[in-house]
Amino acid sequence: MRVVFLKVEGHVQGVGFRYFTSLIAENHHIKGWVRNTPDGNVEIEAEGKEYNIEAFIKNIKEGPRFSRVEKVTVTELDQPKDYKKFELRY
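Residues numbered from 1 in each chain as written. Predicted model: local features only at pLDDT ≥ 70, side-chain atom pairs only at ≥ 80, totals over all residues. Heavy atoms only, no water.

## Looking at the UniProt feature "active site" (unreviewed entry) in the protein
Then, number 1: Within the UniProt annotation, "active site" (unreviewed entry) is assigned to R18 and N36. For the annotated residues, spread through 19 residues, the largest C-alpha to C-alpha distance comes to 7.7 Å, consistent with a single compact locus.
Then, number 2: Structurally, R18 is set in helix α1 (residues 17-27).
Then, number 3: With near-sequence residues (within four places) excluded, R18 lies in contact with V34, R35, N36, L88, R89 and Y90.
Then, number 4: With respect to the helices, strands and loops of the structure, N36 is situated in strand β2 (residues 31-36).
Then, number 5: Those residues in contact with N36 that lie beyond four places of it in its chain are Q13, R18, N41, V42 and R89. (UniProt positions renumbered as here; feature names shortened; annotations may be inferred. Helix = DSSP H or I, 4+ residues; strand = E, 2+ residues; numbered from the N terminus. Contact = heavy atoms within 4.5 Å.)

Given below as structure tokens:
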């Protein structure tokens, strides 16, 4: 299992980015969470198989239709979190 923390910067709030992320996570069998941050960015913690995480990150870099992803910072996390599902956090 691979666990990553993503910080997504750009025009990523008010465009359905969290909902998009949850759909992509479901498609790639990813567990974890996504939330908006006060500074206008989005944070994601994702856990899954290596190839699923790679595909997930690729989709996140593209973003939903009305978003503009300028930067995605990926931080590898050492410990599996053993999430049961993917959730939207507020």
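## Some points on the pairing of strand β1 (residues 2-11)
Then, number 1: Looking at chain direction, β1 and strand β3 (residues 42-48) are connected through 7 bridges and run antiparallel. Across the sheet, the residue bridging to F5 is E45, located in β3.
Then, number 2: Across 9 bridges, the pairing between β1 and strand β4 (residues 68-77) is antiparallel. Within β4, the position partnered with L6 by the bridge is V74. (Pairing = 2+ DSSP bridges.)

## Comments concerning the pattern of salt bridges
Then, number 1: Enumeration according to the criterion identifies 9 salt bridges in this entry.
Then, number 2: The closest approach of N and O atoms between E50 and R2, which form a salt bridge, is 2.9 Å. With E50 in helix α2 (residues 50-62) and R2 in strand β1, this residue pair connects regions lying 48 residues apart in the sequence.
Then, number 3: You can call E50 partly exposed: its relative accessible area is 46%.
Then, number 4: Where R35 meets E43, a salt bridge forms, and the shortest distance between an N and an O atom there is 2.7 Å.
Then, number 5: On the basis of relative accessible area, R35 is assigned to the partly exposed category, the value being 30%.
Then, number 6: By sharing partners, the salt bridges in this structure join R2, E50, E54 and E76 into a single network. (Salt bridge = Lys/Arg side-chain N within 4 Å of Asp/Glu carboxyl O. Buried < 20%, exposed > 50% of the residue type's maximum accessible area, 1.4 Å probe, protein only.)

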